[in-house]
Amino acid sequence: MYGANSGVLASTMVRLWGAMPVVMALALALCQPAAASTETLPEAQSQRERGAAEAVARSTAHPQLPGSRLRGEGKLRFFGLGIYQARLWTSSSFRADQALDHPVVLELTYLRDFEGDSIAQRSLDEMRRAGSLSEAQAQRWLAAMRRVFPDVRSGERVTGLHQPGQGVSFWIDGRPLGEIADPEFGRRFLGIWLSPSTSQPGLRLSLLGLATSGSL
């Protein structure tokens, strides 16, 4: 790995180092205002378009929850890799400190492919954070999630509508997947994202629209 090639490598590095003033001069020339101005306008226009799209999204009710509005959104990352983009819709009477007592729509747009069985198992692991579960209850919920949750591909959107006292209904890209009609399941499942015991407190604050204030 080192041997005879080390002299060639050292010589090459010296030549590159000696050329650094020239390289820096070229870089500075490319960064002059005249050149930058050709890129600024499209970028600013793109930012305005994104801002307008976000404003429309926030003012538009989710089809599964009439009268709702987009409360907040955030991205889940794992070791720097994007997992999904999450968005939360709530009604006008929603209170962040009673998040699990309100009807809400949680939408996850996946950024990677996942098997439905893996999603179900991970969900159960996260639901245990809110408190212990009997083995019988855990197995019932795991079986129900395996029945409902599909394999997902990057770009697909999974939606869950939580109705307190009823449970959770699920869709993928607008197509019904099924319902888990268990009120306690609904609270534990939404608690993965909205409970103070969540493993992702930063994402929780973003979804609840509290990321800037950091308080309830």
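As shown above, the structure is provided for reference.
Worth saying up front: this structure is predicted, and the values here are computed from it rather than measured. (Residues numbered from 1 in each chain as written. Predicted model: local features only at pLDDT ≥ 70, side-chain atom pairs only at ≥ 80, totals over all residues. Heavy atoms only, no water.)

**Q** For this particular structure, what's the right way to read the overall build of the protein chain?
**A** In terms of helices and strands, the protein chain carries seven helices and six strands. Here the protein chain holds 216 residues, and 34% of them are scored as buried. For the protein chain, the computed accessible surface area is about 12,900 Å², with 57% contributed by carbon and sulfur atoms. (Helix = DSSP H or I, 4+ residues; strand = E, 2+ residues; numbered from the N terminus. Buried < 20%, exposed > 50% of the residue type's maximum accessible area, 1.4 Å probe, protein only. Areas by Shrake-Rupley, 256 points an atom, 1.4 Å probe, with all protein chains shown as cover.)

**Q** Just to check I follow, could you spell out the side chain of Ser68 for this structure?
**A** Take Ser68: it is sitting in the loop between helix H3 (33–59) and strand E1 (69–78). Residue Ser68 is classed as buried on the basis of its relative accessible area, which comes to 5%. One polar contact links the side chain of Ser68 to the main-chain amide nitrogen of His62, over a distance of 3.0 Å. For Ser68, the side chain forms a polar contact with the main-chain oxygen of Leu65, separated by 2.6 Å. Apart from residues lying up to four places away in sequence, Ser68 is in contact with Thr60, Ala61, His62, Trp89, Thr90 and Ser91. (Polar contact = N/O pair within 3.5 Å; in protein donor to acceptor, adjacent residues only side chain to side chain. Contact = heavy atoms within 4.5 Å.)

**Q** So what exactly am I meant to see when it comes to the pairing of strand E3 (residues 104–110) here?
**A** Counting buried residues along E3, six of its seven residues qualify, which places the element largely inside the surrounding structure. When E3 meets strand E4 (residues 157–163), the two strands line up antiparallel, connected through six bridges. Its bridge partner being in E4, Val104 is matched across the sheet by His162. (Pairing = 2+ DSSP bridges.)

**Q** Before we go on, may I ask you to explain the packing of aromatic side chains in this structure?
**A** In this description, a pair of aromatic rings is defined by centroid distance and the angle of the planes. By the definition in use, this model includes nine aromatic pairs. Where Phe78 meets Phe79, the ring centres are 4.7 Å apart and the plane angle is 85°; that geometry is what we call edge-to-face. The pair formed by Phe78 and Phe79 is uniform in burial state, with each residue classed as exposed. Taken together, the ring pairs connect Trp141, Phe149, Phe170, Phe185, Phe189 and Trp193 into an aromatic cluster. (Phe/Tyr/Trp six-rings, centres within 6.5 Å; stacked < 30°, edge-to-face > 60°.)

**Q** Just to check I follow, could you spell out helix H4 (residues 116–127) for this structure?
**A** One turn of an α-helix holds 3.6 residues; hence residues three or four places apart share an orientation. Taking 1.5 Å of rise per residue, the 12 residues of H4 would be expected to cover 16 Å, and the 16 Å separating its terminal C-alpha atoms lies within 8% of that figure. By the burial criterion, the buried members of H4 are Gly116, Ile119, Ala120, Ser123, Leu124, Glu126 and Met127. Axial view of H4: buried residues confined to an arc of 160°, hence all on one face. (Expected span 1.5 Å × (residues − 1). Arc of directions from axis to C-beta.)

**Q** Explain the pairing of strand E6 (residues 175–180) here, please?
**A** Along any regular strand, the residues point their side chains to alternate faces of the sheet. In this structure, strand E5 (residues 167–172) lies alongside E6, joined through five bridges in antiparallel fashion. Residue pairing in the sheet places Trp171 in a bridge with Pro176 of E6. A loop of two residues connects E5 with E6, the two strands running antiparallel in sequence, and Asp173 in this loop sits at a positive phi of about 50°.

**Q** Would you take a moment to explain the nonpolar core for this structure?
**A** What tends to happen in soluble globular proteins is that the nonpolar side chains get buried as a cluster. Ranked by size, the top nonpolar core spans 41 residues in total, and within it Tyr84, Phe185, Phe189, Trp193 and Leu194 carry the most contacts. Of all the secondary structure elements, the ones that give two or more residues to this core are strand E2 (81–90), E3, H4, helix H5 (135–148), E5, helix H6 (183–194) and helix H7 (201–207). Counting six residues, the second-largest nonpolar core is a separate cluster that includes Trp89, Val105, Leu161 and Trp171. (Core = buried A, V, L, I, M, F, W, Y, C linked by side-chain atoms within 4.5 Å.)

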